[in-house]
Amino acid sequence: MISKPKTMEGSSPRVYIKTFGCQMNKLDTELSIGSLAKRGYSFAEDENDADVILLNTCSVRDKAEHKVYSQLGSLRYQKERNPELILGVLGCMAQNEGEKIFKRMPHVNLVCGTRMFSKLPELLEKITESNKQILAIDEDGEVNFDRLVTQRQNQYSAFVSIMRGCDNYCSYCIVPYVRGREFSRSVTDIVDEVKGLVDDGCKEITLLGQNVNSYGKGLTGKVTLATLLRELDPIEGLERIHFLTSHPKDMTREILEAVGELPGVCEYLHMPAQSGSDKILKKMRRQYTSAHYRELVEMAKSIVPGIKLAGDFIVGFPGETEEDFEETVKLLNDVRCQNSFIFKYSPRTGTSATELIDDVIEETKKSRNNILLELQKRISTEENKKMHGKSVEVLVEGESKTNAGRLIGRTRQNQIVVFNQPEGINQAGTSSSLSGKLVNIEIVDSTDLTLFGDLRDFSFNEMAH
Ligand code: SF4
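Per-chain numbering applies: the sequence of each chain, read as written, is numbered from 1 onward. A pLDDT threshold of at least 70 governs which residues receive local features in this predicted model, and a stricter bar of 80 or more applies before side-chain atom pairs are shown or counted, although totals over entire chains, interfaces and linings include all residues. In computing side-chain values, all of the structure's heavy atoms are included and hydrogens and water are not.

A. Local environment of the packing of helix α9 (residues 253-261) against helix α11 (residues 290-303). With their axes 9 Å apart at the nearest point, α9 and α11 run at an angle of 30° to one another. Our classification of the angle between α9 and α11 gives roughly parallel. Viewed along their axes, α9 and α11 form a crossing whose handedness is right-handed. Contact residues: Arg253, Leu256, Glu257 and Gly260 in α9; Leu296, Met299, Ala300 and Ile303 in α11. Note on residue categories: nonpolar means Ala, Val, Leu, Ile, Met, Phe, Trp, Tyr, Cys or Pro, charged means Asp, Glu, Lys or Arg, and polar means any other residue, Gly included. When its residues are assigned to classes, the contact of α9 with α11 shows 5 nonpolar, 1 polar and 2 charged. Angles here are taken between N-to-C directions and fall from 0 to 180 degrees, while the axes themselves are lines fitted to C-alpha atoms, restricted in helices to the stretch in contact. Strands are runs of DSSP state E lasting at least 2 residues, helices are runs of H or I lasting at least 4, and numbering of each runs from the N terminus. In these notes the angle categories are as follows: under 35 degrees is roughly parallel, over 145 is roughly antiparallel, 65 to 115 is roughly perpendicular, and the rest is oblique. Rotating anticlockwise by less than a right angle from the far helix to the near helix defines a left-handed crossing, while the corresponding clockwise rotation defines a right-handed one. Contacts are assigned to residue pairs that have any heavy atoms within 4.5 Å of one another.

B. Spatial organisation of the domain arrangement of the protein chain. Where a domain begins and ends is set by an automatic assignment or by a domain database. Each assigned domain of the protein chain is listed with its residue range as follows: domain 1 (6-136), domain 2 (157-385) and domain 3 (391-463). A C-alpha centroid distance of 30 Å is found between domain 1 and domain 2. Listed per partner, the contact involves 16 residues of domain 1 and 20 residues of domain 2. Buried area: the accessible area, evaluated with a 1.4 Å probe, that two parts lose upon being put together, summed over both parts. Summing the contributions of domain 1 and of domain 2, the shared interface buries around 1600 Å²; its carbon and sulfur component is 51%. Any carboxyl oxygen of Asp or Glu within 4 Å of a side-chain nitrogen of Lys or Arg constitutes a salt bridge here. The salt bridge partner of aspartate 28 is arginine 164, with a shortest N-O separation of 2.8 Å. For this analysis, a polar contact is any N or O atom pair within 3.5 Å, provided that within protein one partner can donate a hydrogen and the other can accept it, and provided that sequence-adjacent residues contribute only side-chain to side-chain pairs. At the boundary of domain 1 with domain 2, the tally comes to 9 residue pairs in polar contact (both at pLDDT 80 or more).

C. Representation of the nonpolar core. By size, the foremost hydrophobic cluster in this structure holds 56 residues, and its most contacted members are Ile205, Leu207, Leu225, Leu232 and Phe243. For this core, the element with the most residues is helix α7 (residues 187-199), which contributes 6 residues. In this structure, isoleucine 205 is in contact with Ala158, Val160, Val194, Leu197, Leu232, Leu238, Arg240, Ile241 and His242, ignoring residues within four places of it in sequence. We define a nonpolar core as any set of buried Ala, Val, Leu, Ile, Met, Phe, Trp, Tyr and Cys residues linked to one another through side-chain atoms lying within 4.5 Å. To sort residues, take the accessible area from a 1.4 Å probe on protein chains only and compare it with the maximum for the residue type: under 20% means buried, over 50% means exposed, and anything in between is partly exposed. Grouped together as the second largest cluster of nonpolar side chains are 21 residues, Ala50, Leu87, Val89 and Met93 included.

D. Quick peek at a negative patch on the surface. Residues enter a patch when their relative accessible area is above 30% and they make no salt bridge; the linking distance is 9 Å between like charges and 5 Å between nonpolar side chains (Val, Leu, Ile, Met, Phe, Trp, Tyr). Areas reported here follow the Shrake-Rupley algorithm with a probe of radius 1.4 Å; residue values treat only the protein chains shown as occluding. Two residue types count as positive, namely Lys and Arg, and two as negative, namely Asp and Glu; His and chain ends fall outside the count. A single reference atom marks each charge: NZ on Lys, CZ on Arg, CG on Asp, CD on Glu. There is a patch of like negative charges on the surface, built from Asp278, Glu323, Glu326 and Glu327. Residue contributions to the negative patch peak at 3 residues, all from helix α12 (residues 322-335). Within the secondary structure, glutamate 323 sits in helix α12. Relative accessible area serves as the criterion here: at 54%, glutamate 323 is assigned to the exposed category.

E. Seen up close, the site of the ligand. Taken together, Cys166, Asn168, Tyr169, Cys170, Tyr172, Cys173, Val175, Pro176, Gln210, His247 and Arg286 make up the full set of residues adjacent to the ligand. In the shell around the ligand, the residues fall into 7 nonpolar, 3 polar and 1 charged. Here a residue is near a molecule or strand as soon as one of its heavy atoms is found within 4 Å of it.

F. How the structure looks around the confidence of the model for the protein chain. When pLDDT is averaged across the protein chain, the result is 90; 91% of the residues are at 70 or more. Every residue is assigned a pLDDT by the predictor, reflecting its confidence on a scale from 0 to 100. Note that pLDDT drops below 50 for residues 1-9; the model gives that stretch 25 contacts with residues more than four away or on any other chain. In the model, residues 460-465 has pLDDT below 50 throughout and makes 9 contacts with residues more than four positions away in sequence or in other chains.

G. Region of interest: the sheet that holds strand β16 (residues 406-410). Read around the closed barrel, the 5 strands follow the order β15-β16-β17-β19-β18; overall the barrel is mixed. When strand polarity is set aside, the average angle formed by the axes of neighbouring strands in this sheet is 55°. Two strands qualify as a pair provided that DSSP identifies no fewer than 2 bridges between them.

H. Highlighting the packing of aromatic side chains. Ring pairs are drawn from Phe, Tyr and Trp, using the six-membered ring of Trp, whenever the two centres fall within 6.5 Å, and their geometry is named by plane angle: stacked under 30 degrees, edge-to-face over 60, tilted for the rest. A complete count under the given rule lists 4 aromatic pairs for this structure. Between tyrosine 169 and tyrosine 177 the ring centres are 5.4 Å apart and the planes differ by 80°, which places this aromatic pair in the edge-to-face class. A relative accessible area of 25% places tyrosine 169 in the partly exposed class. Taking 6.5 Å as the distance between ring centres and 35° as the angle between the ring planes, the aromatic pair formed by tyrosine 288 and tyrosine 293 counts as tilted. As far as burial versus exposure is concerned, tyrosine 288 and tyrosine 293 are alike and both buried.

I. Seen up close, the environment of leucine 27. Inspection of the secondary structure puts leucine 27 in helix α1 (residues 23-38). What makes leucine 27 buried here is its relative accessible area of 1%. It is 18 Å that separates the C-alpha atoms of leucine 27 and serine 246, two residues lying 219 residues apart in sequence. Those residues in contact with leucine 27 that lie beyond four places of it in its chain are Arg147, Phe159, Val160, Ser161 and Leu208.

J. Layout of unusual backbone geometry. A cis amide bond links leucine 244 with the next residue in sequence, threonine 245, at an omega value of 10°. Note on placement: threonine 245 falls in the loop between β11 (240-244) and α9. Even without a glycine there, the phi angle at asparagine 131 is positive, about 60°. Position of asparagine 131 relative to the elements: it lies in the loop between α5 (120-130) and β6 (134-136). Accessibility expressed as a relative area gives 66% for asparagine 131, which makes it exposed.

K. Region of interest: the sheet that holds strand β10 (residues 204-208). Spatially, the 3 strands line up as an open sheet ordered β7-β10-β11, and their pairing is parallel. With partners counted over all chains shown, the strands left at the sheet margins are β7 (157-161) and β11, one partner each. Between one strand axis and the next, the sheet turns through 25° on average, direction left out of account. Packing of α1 onto the sheet brings it into contact with β7, β10 and β11, and relative to β7 it is tilted by some 95°.

Here you go:
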């Protein structure tokens with residue numbers, strides 16, 4: 001039952017949550033919205049209308065934290081105008097900075113770490129009652145995954161957390177320090193959550209974890225990502241299953257075979273390579289070689305026809321020579337990712353890579369970044385051209401915001417498709433009735449990032465998928 005927050009009987013306090021960073025943070029925001037809604041909170045569209053402003057933060061780069069501090073600085077004026085306003089910092093930066101946030105920003109009321117999200121309603125009530133600052137960053141706190149399935153951003157597509165934390169300690173990464181040790185949820189809990197989402201109209205799920213390939217560690221019996229996929233695939237009404245992020249050192253044939261065999265599991269792999277140089281991979285503590293990465297990609301392509309690969313690359317890591325960078329260029333050229341997330345290295349305070357000398361000058365980092373971006377653009381453009389004349393299955397999201405009068409959706413390989421609505425059908429009627437449906441689109445044109453096509457054979461029967 002939904003009850004009003006005790007201290008705010010008679011009114012419904014409005015919460016505004018601003019989310020920074022990755023999908024995991026977006027999911028945490030969704031879970032928080034669910035737990036707050038259960039306690040009677042409502043939600044403001046604009047921070048100026050809110051009684052509670054929460055910033056769900058990212059710590060992956062120093063720059064991300066500076067951004068939040070600057071935002072907190074601006075919110076001081078809003079707090080001066082409305083002293084009742086509750087201001088909270090959630091997530092990775094809260095975990096990482098802790099008490100320091102209160103020292104730098106004394107107008108902040110709450111600092112709530114990555115394992116304390118489910119306690120948010122109680123924490124906010126305590127602040128209202130006592131008017132005291134609260135620091136909640138319990139490192140061993142049990143993460144509660146309880147979810148209000150009806151509270152989500154997208155009606156047809158949802159993220160589901162299958163594990164938390166990371167045990168890998170890559171030398172450049174802050175995640176293990178702010179998200180804690182790896183912890184896998186039970187298969188039963190995940191299956192129940194997914195069934196609840198599907199009953200509520202969800203067609204597509206993305207299983208989330210920092211390193212989903214090591215899912216099952218610590219659970220009783222032989223539980224792996226592959227066994228989990230086999231439990232989820234038969235759920236009636238669940239059309240698509242994605243998972244991310246994959247770590248090359250934990251990718252197995254068993255997982256790839258599950259992707260190849262199970263009709264609901266999509267042919268898409270987000271598997272960061274980070275570098276093509278074994279010397280740099282070692283310094284990054286990635287625990288695989290460039291040759292192993294290539295073998296995995298070959299295996300994936302042979303077991304799962306049509307699979308598309310997304311990669312992450314870091315350029316300008318300490319000690320990266322021109323030859324090391326050339327090996328990265330060669331790796332990307334050979335494996336031909338569909339898209340990549342390419343970053344210039346910057347030292348992250350608190351990680352072991354800060355002990356290395358950041359010796360690649362900014363100009364070189366920029367130039368290597370641009371070379372890799374250009375290469376990725378060329379590969380994506382060429383790969384997308386190969387799709388012309390082909391028919392692809394698209395899950396329709398709705399009207400395109402940038403292409404007036406057209407609809408937008410995604411393929412099973414996570415490619416964006418913009419397509420013309422069928423002739424003779426009223427535009428508003430079509431977009432609302434096609435949203436969340438699977439349709440076949442013939443691809444006629446493309447850029448590096450988008451496929452364009454037509455929905456030609458259209459009937460209302462086909463829409464009732
Ligand atoms: S696998 Fe490495 S990069 Fe990924 S979250 Fe863990 S430590 Fe960070």
